[in-house]
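Observations on chain architecture
Residue strings, one per chain:
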Amino acid sequence: MRVRWALEEVGQPYAVRLVSFRAMKEPAHRALHPFGQIPTYEEGDLVLFESGAIVLHVAGRHTGLLPADPNARARAIAWMFAALNTVEPPILEREVARLVEGDQPWTAQRLSLVEDRIRQRLGELSDRLGDADWLDGGFSAGDLLMIHALQRLEGSGLLEEYPNLSAYVVRGEARPAFKRAFDAQLAVFTGQPRDE
């Protein structure tokens, strides 16, 4: 979804090749992604893996996701790293604790600890965002990755504790490029053609 959204934001056409779980572990796919995961990105001779790296590449090659000013550009890239390395990890830990380790006797205690770490990060992010629309001036790839990370909290009640962050996610989801990407992603699972 992150990669689709980035491509939609910059107006770059793309084609999607779906890969089964079995195919992800086969040598042909591992040649593209050494960890046997998705997504991968192919552009001519270039093959990339890791959604953050792909979004950074798309943002660097096309206008619309990184500011032209070098300092603002560097800050937007810093927010990309913050989304993936500071904010998202405890959110992913929560998903693992719930979905993979949910039947363990220590799950409730672990969830409590992980949710406290999430709240710490959300509090810091909320303070930084304040009443601004975006993290640093105009919408950037940093916002795209941060909003996507925060969306993983949907239904948890955690994000709602920070009204400015909830509103931030809603603003991101209201972007036409997000809507196009979401509709295209949804079509994969529903089999319905994408609305144009």
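Okay, so let's go over this structure. These figures come from a predicted structure and were not determined experimentally.

The rules behind each value
- Sequence order as written defines residue numbering, which begins from 1 separately in each chain.
- Owing to the predicted nature of the model, reporting of local features is limited to residues with pLDDT of at least 70; listing and counting of side-chain atom pairs is limited to 80 or more, with chain, interface and lining totals taken over all residues.
- Calculated side-chain values reflect all of the structure's heavy atoms, with hydrogen atoms and water omitted.
- A helix here means a DSSP run of H or I that spans at least four residues, while a strand means a run of E at least two residues long, and both kinds are numbered starting from the N terminus.
- Values of the radius of gyration come from C-alpha atoms, whereas the globule rule sets the reference at 2.2 Å times the count of residues to the power 0.38.
- Relative accessible area decides the class of each residue, using a 1.4 Å probe on protein chains only: under 20% of the type maximum gives buried, over 50% gives exposed, and in between gives partly exposed.
- We treat Lys and Arg as the positive residues and Asp and Glu as the negative residues; His and chain ends play no part in the count.
- A charge is said to be at NZ when it belongs to Lys, at CZ for Arg, at CG for Asp and at CD for Glu.
- Take a side-chain nitrogen of Lys or Arg and a carboxyl oxygen of Asp or Glu: if they are within 4 Å of each other, that pair is a salt bridge.
- Working definition of a nonpolar core: buried Ala, Val, Leu, Ile, Met, Phe, Trp, Tyr and Cys residues. They are joined through side-chain atoms within 4.5 Å.
- Note on contacts: a residue pair is in contact if any heavy atoms of the two residues lie within 4.5 Å.

1. Structural notes on the overall build of the protein
When its secondary structure is counted, the protein shows nine helices and two strands. Moving toward the C terminus, one meets the helices and strands of the protein in the order α-α-α-β-β-α-α-α-α-α-α. Relative to the 2.2 N^0.38 estimate, which gives 16 Å for 196 residues, the radius of gyration of the protein is 18 Å and therefore close to what a compact globule would have. For the C-alpha atoms alone, the extent of the protein along its principal axes is close to 45 × 45 × 30 Å. In the protein, buried positions account for 41% of the 196 residues. The averaged location of the 28 negative side-chain charges in the protein is 3 Å from the averaged location of its 22 positive side-chain charges.

2. Observations concerning the pattern of salt bridges
As enumerated under the stated definition, the model contains 17 salt bridges in all. For Arg-180, the salt bridge identified is with Glu-8, shortest N-O distance 2.8 Å. With Arg-180 in helix H9 (residues 176–190) and Glu-8 in helix H1 (residues 2–9), this pair connects stretches of sequence that are 172 residues apart. A salt bridge links Asp-133 to Arg-171; its shortest N-O distance comes to 3.7 Å. You can see Asp-133 sitting in the loop between helix H6 (107–129) and helix H7 (141–151) and its partner Arg-171 sitting in helix H8 (residues 163–173), a full 38 residues away along the chain. On the accessibility criterion, Arg-171 (24% relative accessible area) is partly exposed. In the salt-bridge network here, residues are joined through shared partners; they are Arg-2, Glu-88, Glu-95 and Arg-152.

3. What to know about the nonpolar core
Trp-5, Leu-65, Leu-122, Leu-144, Met-146, Leu-150 and Tyr-168 are the most contacted members of the largest nonpolar core, which has 44 residues in total. Breaking this core down by element, the ones donating at least two residues are H1, helix H4 (51–61), helix H5 (70–99), H6, H7, H8 and H9. Ranked by residue count, the leading element in this core is H5, at seven residues. Every residue in contact with Leu-65, bar those within four places of it in the chain, is listed here: Ala-6, Glu-9, Val-10, Ala-59, Phe-139, Ser-140, Ala-141 and Leu-144.

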